[in-house]
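Survey of secondary and tertiary structure
Read off the chains here:
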Amino acid sequence: DNVTLQIDGVLYLRVMDPYKASYGVEDPEYAVTQLAQTTMRSELGKLSLDRVFRERESLNASIVDAINQASDCWGIRCLRYEIKDIHVPPRVKESMQMQVEAERRKRATVLESEGTRESAINVAEGQKQAQILASEAQKAEQINKAAGREANAMLVKARAKAEAIQLLAAALAQQHGSAAASLSVAEQYVSAFSKLAKDSNTLLLPASTGDVTNMVAQALGIYSTLTKPQAVKSQDEKPPAPADLQARSTEMPKAEQANSS
């Protein structure tokens, strides 16, 4: 990344052969320190700035291996190397901080958007379930109304109509029933005649529209025509009279006497 870094490290050494350490190298401590620095530079050049802070363990191991390979002939062994601190230029440090803040804002924005999305999905699912339950409740209510109130109302109307028909039949069967029926037909005719020409100006009327007596007579004639077949049928279904039975009984012995003679 072409960034200048300053790294502080701690180096642990052990002299394994004092003779080689004294005669194999002029200044063993300086030589090992320079070797550690050059190895550190070469290893850092292979990494990006972001990986430097994450690859401390691998850097320490690489430096230890490089020092041990070179310092074996010096009678010195490197036990451990630890990076103490990494110094970054102020501008680079500010940029890194801004990058970290931007990354955190990005994560916060993503988390907030995901929360909003899940909230909207939950609200939509809740509204959907509420509408389904409301429609099912309305359907059940309509079914209950149709099965309860409307059925009962129809039964009540049917019973009332049946009772009214029975009462009307009983009233017509009594004395002067036909006169009462004539009066009722006449009242209905007059009431219907008074409502003519209220909805439209075009009317089709019979020639004797104002003759209430003729209209009532026609209505009663239709009624009597409809009731005559039932009366004839009821008379035909009646059992034979006792006189017919006696006549038949008297004829039977005469036929028997003729046969015996």
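My aim in this report is to walk through the structure given alongside it, one point at a time. (Residues numbered from 1 in each chain as written. Predicted model: local features only at pLDDT ≥ 70, side-chain atom pairs only at ≥ 80, totals over all residues. Heavy atoms only, no water.)

**Let's talk about the layout of surface pockets**
Rule in force here: Cavity: a set of points on a 1 Å grid over the protein atoms alone where a 1.4 Å probe fits but cannot get out. Pocket: an open set with protein on both sides within 12 Å along at least five of seven lines, its lining residues, like those of a cavity, having an atom within 4 Å of a point. Grid points are joined across faces, edges and corners, and a volume is the space filled by probe spheres set on the points. Per the convention used, a helix needs a DSSP run of H or I reaching at least four residues, while a strand needs a run of E reaching at least two, with both numbered from the N terminus.
Quantified by volume, the largest pocket comes out at close to 470 Å³. Lining the largest pocket are 22 residues, with Leu 5, Ile 7, Met 40, Arg 41 and Leu 44 sitting closest to its centre. Broken down by secondary-structure element, the contributors of at least two residues to the lining of the largest pocket are β1 (6–15), α2 (28–45) and α3 (49–52).

**Thoughts on the packing of aromatic side chains**
Let me state the cut-off plainly: Stacked, edge-to-face and tilted are the three classes for Phe, Tyr and Trp ring pairs, Trp counted by its six-membered ring, which pair at centre distances within 6.5 Å; planes under 30 degrees apart are stacked, over 60 edge-to-face, the rest tilted. Burial classes follow relative accessibility: with a 1.4 Å probe on protein chains only, a residue under 20% of its type's maximum area counts as buried, one over 50% as exposed, and anything between as partly exposed.
The final tally for this structure, using the stated rule, is one aromatic pair. Between Tyr 19 and Tyr 23 the ring centres are 5.0 Å apart and the planes differ by 40°, which places this aromatic pair in the tilted class. Of this pair, Tyr 19 and Tyr 23 both sit in helix α1 (residues 18–23), four residues apart, roughly one helical turn. For Tyr 19, a relative accessible area of 59% puts it in the exposed group.

**Topic: α2**
Applied cut-off: The span you would expect from a helix comes to 1.5 Å times its residue count less one.
Spanning 18 residues, α2 covers 26 Å between terminal C-alpha atoms, matching the ideal 26 Å at 1.5 Å per step. Looking at α2, one finds that the buried residues are Ala 31, Val 32, Leu 35, Ala 36, Thr 39, Met 40, Glu 43 and Leu 44.

**What to know about the side chain of Glu 43**
As a reminder of what qualifies: Pairs of residues are marked as contacts when any of their non-hydrogen atoms sit within 4.5 Å.
Residue placement: Glu 43 occurs in helix α2. On the basis of relative accessible area, Glu 43 is assigned to the buried category, the value being 18%. Filtering out sequence-adjacent residues up to four positions away, Glu 43 remains in contact with Leu 59 and Ser 62.

**Examining the nonpolar core**
The line we're drawing: Put simply, buried Ala, Val, Leu, Ile, Met, Phe, Trp, Tyr and Cys residues joined by side-chain atoms within 4.5 Å make one nonpolar core.
Ranked by size, the top nonpolar core spans 23 residues in total, and within it Met 40, Ile 63, Ile 67, Trp 74, Tyr 81 and Ile 83 carry the most contacts. Counting only elements with at least two residues in this core, the list comes to α2, α3, α4 (56–71) and β2 (76–87). Element by element, the count of residues in this core is highest for α2, at six residues. In contact with Tyr 81, other than residues within four places in its own chain, are Gly 9, Val 10, Leu 11, Ala 36, Met 40, Asn 60, Ile 63 and Val 64.

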